[in-house]
Each structure stands twice: as structure tokens, then as C-alpha cells.
Amino acid sequence: MKKIVVTGAGGFIAGHLVKQLIRQGHSVRAVDIKQLDDWYQISDESENLTLDLRLRENCYKAVNGFNEVFNLAADMGGMGFIENNKAACMISVLINTHLLIASRDNVIDRFFYSSSACVYNGDKQTDTDNPGLKESDAYPALAEDGYGWEKLFSERMCRHFREDFGITTRVARFHNVYGPYGTYDGGREKAPAAICRKVIEAGISGNKEIVIWGDGLQTRSFMYIEDCIKGIQDIMYSNITEPINLGSSEMVSINELVDIVEDIAGYKLERKYDLNAPKGVRGRNSENTLIRQYLGWEPSIPLRKGMKKTYDWIREQIVTEQDKKKKERFNK
Ligand code: NAD
């Protein structure tokens, strides 16, 4: 049993990671800036702390007495959020920097950092037919403005803390993660959850239209949360010292993703394209040679299968919320 700190634990990925670590019998300290009521998942068996990890003293409180750190805290969201909140995204640099300093001073054994495919050079993502981004494609650097540069800088910070102070740091570059207990409304949601929500709402309202950001031809790959959690743990305890892709290589266009969700819902919608909406790079996919070489594994849960579970969960949330509102109106 290890004593493990998970940051960003009130959010999507870290919430799942905490559950998994608890199942495995570890002692977990879960930390997030959000009040506990707002956490997406909460475990009774973890120590749950509300701390703003941009502040150095809070990072000391977070890691004190523990052996390992998984840092998944960041001020982030889908394209709609990161294109319009570049400064907020860059300020997350304080979280990783102060956590590294506190980890060095508390002689932490292992430190994991969640980087992103947004570190990759934009010039290598101008075509929908992306052959897959190799780890070396992050340089020469031309990362996603704001969010991507913060991730690239923090990756290097991990590297230098490893080289100069001997902390065992591990870095994974996540490619779009999706699944239950993630953000699906409010402006921070990513394409899979946003499309599920739009399709469900259109079905409920009877207004059989969907607005798609961009022309729908842009391509991405999407990794189901279970693959992500397995990858995070396998990378953490591997001997992979350089940043490595953690993503699916099942590339689809956004139109194809809508096809999948319509198929799950059992109806078709009229598509409207908003060409002025934030849309990100033209084509992106994960090239998985390195992870296969190191781990003999790569994320492989089929998109259709993961989307069905995600769709069902989002539908349940929306229906429950609507029922609650109806009851409140009735009781007035
Ligand atoms: P999320 O927004 O659901 O979770 C991040 C959590 O960090 C949130 O609960 C937030 O409250 C917390 N946080 C923000 N600022 C904080 C602070 N100052 N102190 C403490 N906690 C703070 O996001 P997620 O999808 O779970 O992402 C987790 C990590 O993975 C992030 O670092 C993100 O950049 C990275 N990532 C995610 C994806 C994806 O597709 N979800 C892709 C690439 C990288």
C-alpha cells in the first residue's frame, strides 16, 4: 500500500484515478480547488482536501507525509474554453511548479504530470488526414497558444527536476479523454460530451437540429477513461523518462463522431455548421509506436463502445436534472 496524492481529484480523470487507487488498496489524499459538493466523484475512503494549488504553501500541505503525486490539476476545458482563456490556462504553471518544489522538499518517490496533445507543433496538424503525432513532433515548438505552451513548459520543468534533483518524474501526453463523470455542459466540455448532450437535448425537445463547430471534417482521436487510467498507472511505474503519447489511434472526423452518437440515440438530426466557432487544429491523431514498445499495450477500447457508456451516463444526468426542475415547478 502506498500513500498517494492525486490533484484535480474533483475533476473528471483524477476522480476516476482516485476510485481506482482506493480499489487497489492505496491510501489516497485527493485535492482540488473546488468545494467538495462540486466534485464530480467523491470517495469516503480518501482524505479529501480543498486547496488552491497555485499557492506554494498549499502544495506543501498537499504532499506532506505522502510518497507519490499524480498531478492532474489544471484550469482547463475544451476548445471553447482554452481559446478564450489563455492566461487562465497558463497560470496552471504555478500548480505544477509549486507541486514539484514541494515534492522535492518532501522527498517524494514518484511524480506524474498530465500533459496534452496540445503541445504538438500546429504545422503538423494542418491536414485532416493526420498520420499520427510522434513524440518528437512537439519540436520545434509551436504549441497550442496558452494551454499548450503551459503544458510544454511544465513537461520540461518535470524533466529538469528529474535531472537536477533526482525526482522520478513521468509525463503522459493525453489525447482527448472521454467517459462518464466528465464535464458535459457549462462551456468547458469537450467534443464527445458536447455532441452527446446536443443529440440528447434535440431528442427531448423535438427540435431535430444539431450545431457542429467547424465544418465537421476536422479529425481527432478519443480515448475512453478506462484506457486512460490504465495508461497513467503503467506510465507512472515504468522506466519511461520522456513525455509519451497516451491516446487512441482510432481517428475519426467530427461528422463521424456525430454519426456514432446518432446511431446510439437511434435518430438522425439536421446538421448546421458554425464555421466561426472555435475548432482547433485540422487533424490530430496519436502515434503509438513508443507506448507499444515500452508497455506492449496501447489504448484500444473502441470509440463506439466508450461512447455508448458516455451517452447513457449523460442522458441519465440530463433526464434527472429535468425531472428535478419539473418537481420544483410543481411544488411552487
Ligand atoms: P477537469 O477540469 O475535469 O479536472 C481538473 C481539475 O483541476 C478540476 O476539478 C479543477 O477544479 C482542478 N483545479 C484547477 N485549478 C486548480 C487549482 N488551482 N488547485 C487545485 N485544483 C485545481 O479536467 P480533466 O479532463 O480531468 O483533466 C485532468 C488533466 O488532464 C488536466 O491536467 C488536463 O489538462 C489534462 N488533459 C486532459 C485531457 C482531456 O481530454 N480531458 C486531454 C489532455 C490533457
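These lines cover the structure that appears in this document, whether it is placed above or below. (Residues numbered from 1 in each chain as written. Predicted model: local features only at pLDDT ≥ 70, side-chain atom pairs only at ≥ 80, totals over all residues. Heavy atoms only, no water.)

### Brief notes about the overall build of the chain
The following threshold applies: For helices the rule is a DSSP run of H or I covering at least 4 residues; for strands it is a run of E covering at least 2, with both sets numbered from the N terminus onward. Atoms considered for the radius of gyration are the C-alpha atoms alone. The globule rule reads 2.2 Å times the number of residues to the power 0.38. For each residue, the accessible area found with a 1.4 Å probe, counting protein chains only, is set against the maximum for its type, and the residue is called buried under 20%, exposed over 50%, and partly exposed in between. Should any heavy atoms of two residues lie within 4.5 Å, those residues are counted as being in contact. Working definition of accessibility: Shrake-Rupley area with a 1.4 Å probe, residue cover restricted to the visible protein chains. In this tally, Asp and Glu contribute negative charge and Lys and Arg positive charge; neither His nor the terminal groups of the chain are included. In this description, the location of a charge corresponds to atom NZ of lysine, CZ of arginine, CG of aspartate or CD of glutamate.
In terms of regular secondary structure, the chain is built from 11 helices and 13 strands. Taken against the 2.2 N^0.38 rule, which gives 20 Å for 332 residues, the C-alpha radius of gyration of the chain at 20 Å falls within 12% of a compact globule. When its C-alpha atoms are laid out on the principal axes, the chain stretches across 60 × 55 × 35 Å. Residues classed as buried in the chain amount to 54% of the 332 residues present. The long-range fraction of contacts in the chain, counting pairs at least 24 apart against all pairs at least 6 apart in sequence, stands at 78%. When the accessible area of the chain is evaluated, it comes to approximately 14800 Å², of which 49% is carbon and sulfur surface. One finds the centroid of the 45 positive side-chain charges in the chain at a distance of 2 Å from the centroid of its 47 negative side-chain charges.

### A few points about the pattern of salt bridges
Opposite charge on two side chains lets them pair, provided their charged atoms get close. Stated precisely, the cut-off is as follows: When a carboxyl oxygen of Asp or Glu is within 4 Å of a side-chain nitrogen of Lys or Arg, the pair counts as a salt bridge.
Per the stated rule, a full pass over the model turns up 23 salt bridges. One salt bridge in this structure joins D137 and K124, with 3.3 Å as the shortest N-O distance. Remark: K124 occurs in the loop between β5 (110–116) and α6 (147–165) and D137 occurs in the loop between β5 and α6; sequence separation between them is 13 residues. Classification of K124 by relative accessible area gives partly exposed; the value is 37%. The partner of R282 in a salt bridge is D215, with the nearest N and O atoms 2.8 Å apart. Here R282, found in the loop between β13 (270–274) and α10 (289–295), pairs with D215, found in the loop between β8 (209–213) and β9 (219–221); they are 67 residues apart in sequence, far enough to count as distant. Members of the salt-bridge network, linked through shared partners, are D259, E262, K268 and R271.

### Thoughts on the pairing of strand β4 (residues 68–71)
Basically, it comes down to this: Should DSSP find at least two bridges between two strands, the strands are taken to pair.
Of the two faces of β4, the one lined by E68 and F70 and the one lined by V69 and N71 are each fully buried. As defined by bridge partners, strand β1 (residues 3–7) adjoins β4 across four bridges and the pair is classed as parallel. Pairing of I4 across the sheet is with E68, part of β4. Relative to β5, β4 runs parallel, the two being bridged by four bridges. Bridging across to β5, V69 finds its partner in F111.

### Describing the nonpolar core
What counts, and what does not: Note on terminology: a nonpolar core comprises buried Ala, Val, Leu, Ile, Met, Phe, Trp, Tyr and Cys residues joined through side-chain atoms within 4.5 Å.
One finds V6, I13, F70, F174, I232 and L246 to be the most contacted residues of the largest nonpolar core, which totals 59 residues. No other element matches helix α1 (residues 12–23), which puts seven residues into this core. Residues in contact with I232, not counting those within four places in the same chain, are I13, L17, F70, L72, F112, F174 and L246. Of all hydrophobic cores here, the second largest spans 23 residues; its members include V31, F66, L100 and F111.

### A few points about the site of the ligand
How we decide: The nearness test applies per residue and asks whether one of its heavy atoms lies within 4 Å of the molecule or strand. Polar contact is the term for a pair of N or O atoms within 3.5 Å; when the atoms are in protein, one must be able to donate a hydrogen and the other to accept it, and sequence-neighboring residues count only if both atoms are side-chain atoms. Amino acids are sorted into nonpolar (Ala, Val, Leu, Ile, Met, Phe, Trp, Tyr, Cys and Pro), charged (Asp, Glu, Lys and Arg) and polar (every other residue, Gly among them).
F12, I13, D32, Y147 and V177 are the nearest of the 28 residues found near the ligand. At 2.5 Å, a side-chain N or O of Y147 approaches an oxygen atom of the ligand. Here an oxygen atom of the ligand sits 2.9 Å away from a polar atom, N or O, in the side chain of K151. Summarising the interface, the protein chains cover 94% of the accessible area of the ligand, which totals 820 Å² for the free molecule. Of all the elements in the fold, those that place two or more residues in the shell around the ligand are α1, β5 and α6. Here the shell around the ligand takes three residues from β5, the largest share from any one element. Each residue belonging to the shell around the ligand can be placed in one class, and the counts come to 14 nonpolar, seven polar and seven charged.

### Remarks on a positive patch on the surface
Counted only if it meets this: Here a patch means residues that are over 30% exposed by relative accessible area and free of salt bridges, tied together within 9 Å if like-charged and within 5 Å if nonpolar (Val, Leu, Ile, Met, Phe, Trp, Tyr).
A contiguous patch of positive charge, built from K324, K325, K326, R329 and K332, is present on the exposed surface. Looking at the secondary structure, you find K325 in helix α11 (residues 303–331).

### Thoughts on unusual backbone geometry
Cis geometry marks the peptide bond from Y139 to P140, where omega comes out at 0°. Along the chain, the position of P140 falls in the loop between β5 and α6. At V107, a position not held by glycine, the phi torsion is positive, near 50°. Within the element layout of this structure, V107 appears in the loop between α5 (93–105) and β5. The phi torsion at Y181 lies on the positive side, around 65°, for a residue other than glycine. Structurally, the position occupied by Y181 is in the loop between β7 (177–178) and α7 (191–205).

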